[in-house]
Amino acid sequence: MTLELLEGTAAMAEAAIAAGCRFFTGYPMSPFTGLLEEMSRRLPKAGGVCLNAESEIEGVNMTLGAAAAGARAATGSCGQGIALMQEAIAEAALNETPFVVFNLARNQQDYFQATRGGGWGDYRTITLAPKDIPEAVEHTQLLFHLADKHRAPVVLYGDPLLAQTRVGVEIERRDFGELPPKDWALDGTGGGTGQSRQIWTWAMGKATAPGLGPDGHWRAIAEKFDRIGALEQRHEVHNPGAETMIVAFGSAAKFVEHVVSELRAEGHDIGWFRPITLWPFPGDALEAATRGAENVLVFELNGGQMLDDVRIHAHDRRAVRFIGGVSIAESGLSYGPLLDAPVLRRRILEAL
């Protein structure tokens, strides 16, 4: 496999196709627009279907339908568009229909949206937040696997840097292990046999085959997400137990890594912790990494959202302080100066 120079959206599109995605739809909202354009060019050549939906609501429901028929399907938008998709994402979680949602945010890290959702019922969404494009290529394929493994919608959380930067990457299909058969898919094979299949958020079943009903089904769904929460936590940590720990996710964590490496070279006892899964949040790992820390600094590009989870799980919540903020370029479509390394460095040193 050769190295290709690709923009992030092109790399994610190729990774999705390599993972077997054959249905994709969305409504153009920058920076997600680039992924929609790439899929419209590349997916038909792979035998798939890409549709430009009339709205985010239409797009996510078409994706739900394709996934219910057994296809590996995906959709996406930026945070504003994902907000309109929340009801259908919740429906998919509750009726156990797997697909991937690409959330390519514009200029703010919408952590609450990614981890708390805005739908109804007892559900969660596995959310991976890659720090760079090579990791996004891996995570894209992993998410299709996790969606099918757990029969649930899942989220890749990105941003303009992930979408619009060009790097050299290798695209090849990755094997994450065996998956259960999709014997639940509405593929028409059960028609006329008396064994036709059904996907229903209430799981009421049929007169000849009663289901669990809403209470039993939703309790089972809640228990499933508890199991997922224990199984799928992912994180990265450097210099655990340091006097100062910086917690960051996604592209912002890449800048933290750089500044921390400079400060360590100057003699500061400092490290960083990165939740790779925003949900399930790797709380036990964070607690262990912050034992002995006098300063636990949270750097995120919003008014303070992941801050809640850090306060819950840090070894000493009194050590937790926020050093992030909303930082928007004049265009409103990209990040502002808070991602300049000297600005981040100054914020860290002022907090010590």
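Preceding block: the structure.
Residues numbered from 1 in each chain as written. Predicted model: local features only at pLDDT ≥ 70, side-chain atom pairs only at ≥ 80, totals over all residues. Heavy atoms only, no water.

J.: When you look at helix α8 (residues 213-231) in this model, what are you seeing that I'm missing?
T.: It helps to recall that an α-helix has 3.6 residues per turn; residues three or four apart then point in one direction. Here α8 contains 19 residues, and its C-alpha end-to-end distance of 27 Å stays within 8% of the 27 Å for a straight helix at 1.5 Å per residue. Burial in α8 covers these residues: G213, H217, I221, K224, F225, I228 and G229. All buried residues of α8 project into a common sector of 160° when viewed along the axis, lining one side. In α8, the exposed residues that point more than 90 degrees away from the buried face are D215, R219, D226 and A230. (Helix = DSSP H or I, 4+ residues; strand = E, 2+ residues; numbered from the N terminus. Expected span 1.5 Å × (residues − 1). Buried < 20%, exposed > 50% of the residue type's maximum accessible area, 1.4 Å probe, protein only. Arc of directions from axis to C-beta.)

J.: Just to check I follow, could you spell out the sheet that holds strand β14 (residues 277-279) for this structure?
T.: Strand order in the open sheet formed by seven strands is β3-β2-β4-β5-β7-β6-β14, and the pairing between neighbours is mixed. Two strands bound the open sheet, and with one partner strand each, they are β3 (49-52) and β14. The average angle at which neighbouring strand axes cross in this sheet is 20°, direction not considered. Its contacts with the sheet put helix α3 (residues 56-68) on β2 (23-26), β3 and β4 (73-77), and the angle it makes with β4 is roughly 165°. (Pairing = 2+ DSSP bridges. Axes fitted to C-alpha atoms, helices over the stretch in contact; angles between N-to-C directions. Contact = heavy atoms within 4.5 Å.)

J.: When you look at a nonpolar patch on the surface in this model, what are you seeing that I'm missing?
T.: There is a patch of nonpolar side chains on the surface, built from W120, W200, W202 and M204 and spanning about 410 Å² of accessible area. Following the sequence through the fold, W200 ends up in the loop between β8 (166-169) and β9 (205-206). (Patch = residues over 30% accessible without salt bridge, like charges linked within 9 Å, V, L, I, M, F, W, Y side chains within 5 Å. Areas by Shrake-Rupley, 256 points an atom, 1.4 Å probe, with all protein chains shown as cover. Salt bridge = Lys/Arg side-chain N within 4 Å of Asp/Glu carboxyl O.)

J.: I'm lost on the pattern of salt bridges in this one. Help?
T.: Once the charged atoms of two side chains with opposite charge are near each other, the side chains can pair. Enumeration over the complete set of coordinates arrives at 20 salt bridges. Among the ionic pairs, R345 bridges to E262, the shortest N-O distance being 3.7 Å. In this pair, R345 sits in helix α12 (residues 341-351) while E262 sits in helix α9 (residues 250-265), placing the two residues 83 residues apart along the sequence. The exposure class assigned to E262 is partly exposed, which follows from its relative accessible area of 31%. As a salt-bridge pair, R318 and D316 come within 3.0 Å of each other at their nearest N and O atoms.

J.: What am I meant to see in the nonpolar core here?
T.: By size, the foremost hydrophobic cluster in this structure holds 62 residues, and its most contacted members are F24, L35, M39, F102 and F225. Not counting residues within four places of it along the chain, the set of residues in contact with L35 comprises T9, M12, A13, F24, F102 and L104. Counting 23 residues, the second largest nonpolar core, distinct from the first, contains V247, L278, F281 and A314. (Core = buried A, V, L, I, M, F, W, Y, C linked by side-chain atoms within 4.5 Å.)

J.: I'm lost on the side chain of E56 in this one. Help?
T.: When you line up the elements, E56 lands in helix α3. Here E56 is buried and forms no salt bridge, its nearest opposite-charge partner R106 lying at an N-O distance of 7.8 Å. Those residues in contact with E56 that sit more than four places away from it in its chain are Y27, M29, S77, G81, L84 and M85. (Lys, Arg positive; Asp, Glu negative; His and termini not counted.)

J.: I tried to follow helix α1 (residues 8-18) on my own but got confused; where do I start?
T.: Of all the 11 residues making up α1, 10 are buried; the element is thus mostly covered by neighbouring parts of the structure. Residues of α1 that are buried include every one of G8, T9, A10, A11, M12, A13, A15, A16, I17 and A18, and no others.

J.: What exactly am I supposed to notice about the pairing of strand β13 (residues 270-275) here?
T.: Put simply, side chains in a regular strand alternate between the two faces of the sheet. Counting buried residues in β13 gives six out of six residues, a clear majority hidden from the surface. The side-chain alternation of β13 yields two buried faces, one formed by I270, W272 and R274 and the other by G271, F273 and P275. Alignment of strand β11 (residues 235-238) against β13, held across four bridges, turns out to be antiparallel. From the neighbouring strand, E236 faces β13, where its bridge partner is R274. Judged from the four bridges that link them, strand β12 (residues 244-247) and β13 form a sheet pairing that is parallel. Bridge pairing in β13 places V247 opposite F273. In this fold, the crossover linking β12 to β13 by way of α9 has right-handed handedness. (Right-handed = clockwise from strand over helix to strand, strands pointing away.)

J.: What is the right way to look at the sheet that holds β11 in this model?
T.: The pairing of strands in a sheet happens through backbone hydrogen bonds and is either parallel or antiparallel. What the five strands build is an open sheet, ordered β11-β13-β12-β15-β16; its pairing is mixed. Edge positions in the sheet fall to β11 and β16 (320-322), since each has one partner strand and no second. Across this sheet, the average inter-strand angle for adjacent strands is 20°, counted without regard to direction. Pairing of β12 with strand β15 (residues 295-298), which is carried by four bridges, proceeds in the parallel orientation. Paired with V247 across the strands is V298, a residue of β15. Contacts from α12 reach β12, β13, β15 and β16, with the element oriented near 145° to β15.

The quantities given are spatial measurements derived from coordinates; they are silent on function.
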